[in-house]
Structure formats: structure tokens, C-alpha cells
Amino acid sequence: MLASIDTRSAPAVAAAVKALFAELFPAHKSEWIGTLFSDIEAFFTGRHPDYQAVDLRYHDLEHTLQATLCFARLMAGRHRARVEPIITSRQFELGLAGVMLHDTGYLKLRSDTQGTGAKYTYTHVLRSCAFAAVYLPRLGTTLTEVQDVLSSISCTGPRNEIGRMDFRAPVEKIIGCSIATADYLGQLAAADYPGELEILYNEFHESDDFYNIPAGERAFKSARDLITRTPGFWTHFVRPKLENDFQGMYRFLAEPYPHGPNPYLEAIEQNMTEIQAQIAALPPLKA
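Before going into details, it helps to say that this report is about the structure given with it. Residue numbering note: each chain is counted from 1, following its sequence as written. Per-residue local features are limited, in this predicted model, to residues with pLDDT of at least 70; the limit for side-chain atom pairs, both in listing and counting, is 80 or more; totals at the level of whole chains, interfaces and linings are taken over all residues. Side-chain figures throughout are based on the complete set of non-hydrogen atoms in the structure, without hydrogens or water.

Considerations on the packing of helix H7 (residues 170-188) against helix H9 (residues 223-245)
Piece 1. Convention adopted: a line fitted to C-alpha atoms gives each axis, helices being fitted over their contacting stretch, and angles between N-to-C directions are expressed from 0 to 180 degrees. For the purposes of this entry, the term helix denotes a DSSP run of H or I that reaches at least four residues, the term strand denotes a run of E that reaches at least two, and both are numbered from the N terminus. Contact pair H7 / H9: the axes reach a minimum separation of 10 Å and the direction vectors enclose 150°. Relative to H9, the element H7 lies roughly antiparallel. Seen from above, H7 lies across H9 with left-handed handedness. Contact with H7, carried on its side by Cys 177, Thr 181, Tyr 184, Leu 185 and Leu 188, involves Phe 233, Trp 234, Phe 237, Val 238, Lys 241, Leu 242 and Asp 245 of H9 and no other residues of that element.
Piece 2. Asp, Glu, Lys and Arg are counted as charged, while Ala, Val, Leu, Ile, Met, Phe, Trp, Tyr, Cys and Pro are counted as nonpolar; the rest, among them Gly, fall into the polar class. Classifying every residue of the contact of H7 with H9 gives 9 nonpolar, 1 polar and 2 charged. Any angle that is under 35 degrees is reported as roughly parallel, and any over 145 degrees as roughly antiparallel; angles of 65 to 115 degrees are reported as roughly perpendicular and all others as oblique. Handedness of each helix crossing follows the sense of rotation of the near helix against the far helix: counterclockwise by less than a right angle gives left-handed, clockwise gives right-handed. Note on definitions: a residue-residue contact is assigned when non-hydrogen atoms from the two residues lie within 4.5 Å.

In C-alpha cells:
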């Protein structure tokens, strides 16, 4: 069972992440983590002068916090396993930056008054990289560190192929794979995931309209279409990606590693069972 941390609360997730950092790197103190959480909460809640509060109901602040918590737990599991190469405290911090900034591309400037941030679904990874490239230097990051974070953000999104990407060093690929893993597992394992699929469809639909995608080329024809395809999406798309493209990083979430139960996978399987029940209860399509 997933540990009960309120992923609607940035302070609650920040406290959990800080505790993991202190456990893994007792000789280091990180002001960086507190700054990241404070800034991201300000960006997503409209307390920054340049950005509106996020107006999406699926890719909201909680989604970012779910992915962040999953990433930190995964990194902790890998660190405890003493698998080479060992992640340093600074690499942990930069990985946090990647996962916490990976959906900032959904944010809208205050002058952006048409539609919701969902319209940027198909370009949000690029927009997130642009956001990070401007934000991170203000925290004192070097050019190389910024480039590493941008590489990790680029690992997210279903269209991106990690196997074709160039990384500066093997550890950067490990972090990118871990962020991409956490992005999927954080949302699919959430207790409310089965009830949010129609909301997710609406985000795709708005972006389809924004980019003038013809009806016949849209990924999903309806909310029903997305819902009925979700179990297959998990089994035939996400699971192979986790195992192959993302180098099996999910295994470090096992409690205990390596052969203990994996609470994220267990939560997802429970969600898929619930979604299958939803599908069975759908009325038949009219001829």
C-alpha cells in the first residue's frame, strides 16, 4: 500500500522529500529543495506575477507533486541498493528540478486569456524546457546543469523516445528514465485516477481543437474511447516502456528491494480493475 502522504499539499510532499534527502545525504543540507517547492507552488497557484494559476483539473499541481514524490522514493530505493553509478546529492537536486518543472509548459501567462493550459498538451514538453531554461539560472545553476535538467524533462511525454536521445553521461540517462517512470506511475497509481479519465480526455480534446487536428487523426474519438483503451494502454504501452525504455527503474520502488511488493504497481493494478468494471458497466453503443 502506498504511504499516505497528502499529494494535494506541497508542504507535505516537501517534508517527505526533505526527509529522504536527509537520510540519503546526511552530510549535505539543501536549501534548493525548499526553494523549488516554494516556487513551484507559487507558479501553479497564481502567486507569481507573470503566471495565472493552473486551470487544468488533471495536469494540476497535485500531478506534479505525485510525480515528484514517486521520483524521490525511486531515487531513495536505488541509493539504498547501492547500485552504480551512485547518484550524488547535487544530481538528486537536479533530478527534482526536472520532475517538478516537467509540466510547467501547461502554465499560461497572465496575458493568455483564451482557453485553458490544456491547449498546450502536445507542446507542453517543449514549453516546459523553455520555462526551465529561464528559471533555473536564477537559482545559480550552471549551463551544464541546465542542459542536464532539460534532457531529463525531454524524457517525459509519450512521443519521446529515450533510446534515441543523447545524454552527457550515463547517470543523466538514469535520472531521465527515473523522471519518466515517476511521471507515469505517480498518476496511474493515484487513488482518484479511474474517476479522472474523462477530465484527461477533455484536455486532449482542447489541444486537438487548438492545433486544428482533423477528426480522423485524433488520438481519442471520445471519453468512452479513452476509458476503454486505458487498460490496454497500461498493459501494452506503459509496462513495456517502464521495463525497456526506462531501464526497469520502477523496480527500485519495491519494498524491500529487490523482491518485495511494489506499492505503485499494486495501486495501478487495483485502478485497472476498477476501470475494467467501469467499462463493463458502460451502455452498449448504438448501431
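Regarding H7
Piece 1. With 19 residues, H7 should cover 27 Å at 1.5 Å per step; its first-to-last C-alpha distance of 27 Å lies within 8% of that length.
Piece 2. Each residue is assigned to one of three classes by its accessible area relative to the maximum for its type, calculated with a 1.4 Å probe on protein chains only: buried under 20%, partly exposed between the two thresholds, exposed over 50%. Taking burial as the measure, the 19 residues of H7 include 17 buried ones, the bulk of the element. A helix is expected to span 1.5 Å for every residue after the first.

Examining the packing of helix H3 (residues 61-80) against helix H4 (residues 89-101)
Piece 1. Packing of H3 against H4 brings their axes to within 9 Å, and their N-to-C directions diverge by 155°. Taken together, the axis directions place H3 and H4 in an arrangement best described as roughly antiparallel. Read as a crossing pair, H3 and H4 show a hand that is right-handed. Contacts between H3 and H4 involve Thr 64, Ala 67, Thr 68, Phe 71, Ala 72 and Met 75 from the first element and Phe 92, Gly 95, Leu 96, Val 99 and Met 100 from the second.

Focus: unusual backbone geometry
Piece 1. Backbone torsion omega between Glu 84 and Pro 85 reads -5°, so that peptide bond is classified as cis.
Piece 2. Residue position: Pro 85 is located in the loop between H3 and H4.
Piece 3. Of note, the bond from Glu 255 into Pro 256 is cis; its omega dihedral lies within 30 degrees of zero at -5°.
Piece 4. The residue Asn 212 is not glycine, and still its phi comes out positive at about 55°.
Piece 5. You will see that Gln 247, though not glycine, has its phi angle at about 60°, which is positive.
Piece 6. As for its position among the elements, Gln 247 is in the loop between H9 and helix H10 (263-281).

Section: the layout of surface pockets
Piece 1. Of the volumes computed, that of the largest pocket is approximately 830 Å³.
Piece 2. Only protein atoms enter the 1 Å grid, on which a cavity is a set of points fitting a 1.4 Å probe that cannot get out and a pocket is an open set with protein on both sides within 12 Å along at least 5 of 7 lines, lining residues being those with an atom within 4 Å of a point. The wall of the largest pocket is formed by 32 residues, among which Gly 157, Pro 158, Tyr 184, Phe 204 and Phe 233 lie closest to the centre.
Piece 3. Counting residues per element, the ones that place at least two in the lining of the largest pocket are helix H5 (124-135), H7, helix H8 (197-210) and H9.
Piece 4. Per element, the largest residue contribution to the lining of the largest pocket is 5 residues, and it comes from H9.
Piece 5. Each residue belonging to the lining of the largest pocket can be placed in one class, and the counts come to 16 nonpolar, 12 polar and 4 charged. Grid points are joined across faces, edges and corners, and a volume is the space filled by probe spheres set on the points.

Quick word on the side chain of Glu 203
Piece 1. Note that Glu 203 resides in helix H8.
Piece 2. By the counting scheme adopted, Arg and Lys are positive, Glu and Asp are negative, and His together with the chain ends is not counted. Between Lys or Arg on one side and Asp or Glu on the other, a salt bridge is scored when a side-chain nitrogen of the former is within 4 Å of a carboxyl oxygen of the latter. Here Glu 203 occupies a buried position and makes no salt bridge, while the nearest side chain of opposite charge, Arg 57, is found at 7.9 Å.
Piece 3. Among the polar contacts listed, one links the side chain of Glu 203 to the side chain of His 59, at a separation of 2.7 Å.
Piece 4. For Glu 203, the residues in contact, after removing those within four places along its chain, are Leu 56, Arg 57, Tyr 58, His 59, Ala 118 and Thr 121. Throughout this description, a polar contact denotes any pair of N or O atoms lying within 3.5 Å of each other; where both atoms belong to protein, one of them has to be capable of donating a hydrogen while the other can accept it, and for residues adjacent in sequence the pair is counted only when both atoms sit in side chains.

Focus: empty space enclosed by the protein
Piece 1. The final tally for this structure, using the stated rule, is 1 cavity of 30 Å³ or more.
Piece 2. Taken as a whole, the largest cavity encloses approximately 60 Å³ of empty space.
Piece 3. Together, Gln 91, Leu 94, Gly 95, Asp 148, Val 149, Ser 152, Glu 172, Ile 175 and Gly 176 line the largest cavity.
Piece 4. Every element with two or more residues in the lining of the largest cavity is listed here: H4, helix H6 (143-154) and H7.
Piece 5. In the lining of the largest cavity, the residues fall into 3 nonpolar, 4 polar and 2 charged.

Overview of the environment of Leu 253
Piece 1. Among the structural elements, Leu 253 can be located in the loop between H9 and H10.
Piece 2. Not counting chain neighbours up to four residues away, the residues in contact with Leu 253 comprise Cys 70, Arg 73, Leu 74, Leu 185, Pro 261, Asn 262, Pro 263 and Tyr 264.

Points about the packing of aromatic side chains
For any pair of aromatic rings, geometry is given as the distance between the ring centres together with the angle between the planes.
Piece 1. Stacked, edge-to-face and tilted labels apply to pairs of Phe, Tyr and Trp rings (six-membered ring for Trp) whose centres lie within 6.5 Å, assigned for plane angles under 30 degrees, over 60, and everything in between, in that order. Scanning all chains against the criterion turns up 17 aromatic pairs.
Piece 2. Judged by centre distance (5.8 Å) and plane angle (80°), the rings of Tyr 120 and Phe 210 are edge-to-face. Taken together, the positions of Tyr 120 in the loop between H4 and H5 and Phe 210 in helix H8 put the pair 90 residues apart, joining distant regions of the chain.
Piece 3. By relative accessible area, which is 12% here, Tyr 120 ends up buried.
Piece 4. Ring geometry for Tyr 184 against Phe 233: centres 6.4 Å apart, planes inclined by 55°, an arrangement best described as tilted.

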